[in-house]
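Okay, here's what each chain looks like letter by letter:
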Amino acid sequence: MSLLQIHSDARRAGHGSQAMALLVAIAERHGLHIVANALPLAHGNGCLDQRTLTEWYLGFGFQRIPDSAMNAIIYTPARLARIAGTD
């Protein structure tokens, strides 16, 4: 599964976190990885900066993809992580 963007006009209201929790649950249920680029869509006006956005994704269990020019991250479902021995 590729995540292109999460956008909400009501910033900091928890909508992105709710959407991410749903996506992670779907990935877990179906054994799917989620790949995304942790890049802010906008700056200022309550938008998350690069560091905070990356930490937000990491809080959902994503991991950084080393040497990514686009700050790529990946979510690996628990059962796949156990198989690969990465949890």
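Rules used in this analysis
- Residues numbered from 1 in each chain as written.
- Predicted model: local features only at pLDDT ≥ 70, side-chain atom pairs only at ≥ 80, totals over all residues.
- Heavy atoms only, no water.
- Helix = DSSP H or I, 4+ residues; strand = E, 2+ residues; numbered from the N terminus.
- Buried < 20%, exposed > 50% of the residue type's maximum accessible area, 1.4 Å probe, protein only.
- Contact = heavy atoms within 4.5 Å.
- Salt bridge = Lys/Arg side-chain N within 4 Å of Asp/Glu carboxyl O.
- Expected span 1.5 Å × (residues − 1).
- Arc of directions from axis to C-beta.
- Core = buried A, V, L, I, M, F, W, Y, C linked by side-chain atoms within 4.5 Å.
- Pairing = 2+ DSSP bridges.

1. Some words on the side chain of Thr 54
Residue placement: Thr 54 occurs in helix H2 (residues 50–59). Exposure remark for Thr 54: the relative accessible area of 4% places this residue in the buried category. If near-sequence neighbours (up to four positions away) are discounted, Thr 54 is found in contact with Ala 38, Arg 64 and Asn 71.

2. Here's the deal with the pattern of salt bridges
Using the criterion set out here, one finds one salt bridge in the structure. Its salt-bridge partner being Glu 55, residue Arg 64 comes within 3.4 Å of it at the nearest N-O pair. Arg 64 gets classed as partly exposed once you look at its relative accessible area, which sits at 48%. Residue class for Glu 55 comes out partly exposed when judged on its relative accessible area of 41%.

3. Remarks on helix H1 (residues 15–30)
Helix length check: H1 (16 residues) gives 23 Å between terminal C-alpha atoms against 22 Å at 1.5 Å per residue, within 8%. Of the positions making up H1, those classed as buried are Gly 16, Met 20, Leu 23, Val 24 and Ala 27. For H1, the angular spread of buried residues about the axis comes to 100 degrees, placing them on one side. For H1, the exposed residues lying more than 90 degrees away from the buried face are Gln 18, Leu 22 and Arg 29. After H1 finishes, the residue Gly 31 shows a positive phi value of roughly 65 degrees.

4. Here we look at H2
Within H2, burial applies to Leu 53, Thr 54 and Tyr 57. Taken around the axis of H2, the buried residues stretch over an arc of 100 degrees, which confines them to a single face. Projecting away from the buried face of H2 at angles above 90 degrees are the exposed residues Arg 51 and Gly 59. Packing partners of the buried residues in H2 comprise H1, strand E1 (34–37), strand E2 (63–64) and strand E3 (72–75).

5. Let's talk about the nonpolar core
The biggest cluster of nonpolar side chains holds 13 residues, and the ones touching the most others in it are Leu 3, Met 20, Ile 34, Tyr 57, Phe 62, Ile 73 and Tyr 75. Of all the secondary-structure elements, those providing two or more residues to this core are H1, E1, H2 and E3. The residues contacting Tyr 75, other than those within four sequence positions of it, are Val 24, Ala 27, Glu 28, Leu 32, His 33, Ile 34, Phe 60, Gly 61 and Phe 62.

6. Topic: the sheet that holds E3
Ordered in space as E1-E3-E2, the three strands form an open sheet in which the pairing is antiparallel. Both outer strands of the open sheet, E1 and E2, are each paired with one neighbouring strand and no more. Pairing of E1 with E3 involves four bridges; the strand directions are antiparallel. Each bridged residue has a counterpart across the sheet, and for Ala 36 the counterpart in E3 is Ile 73.

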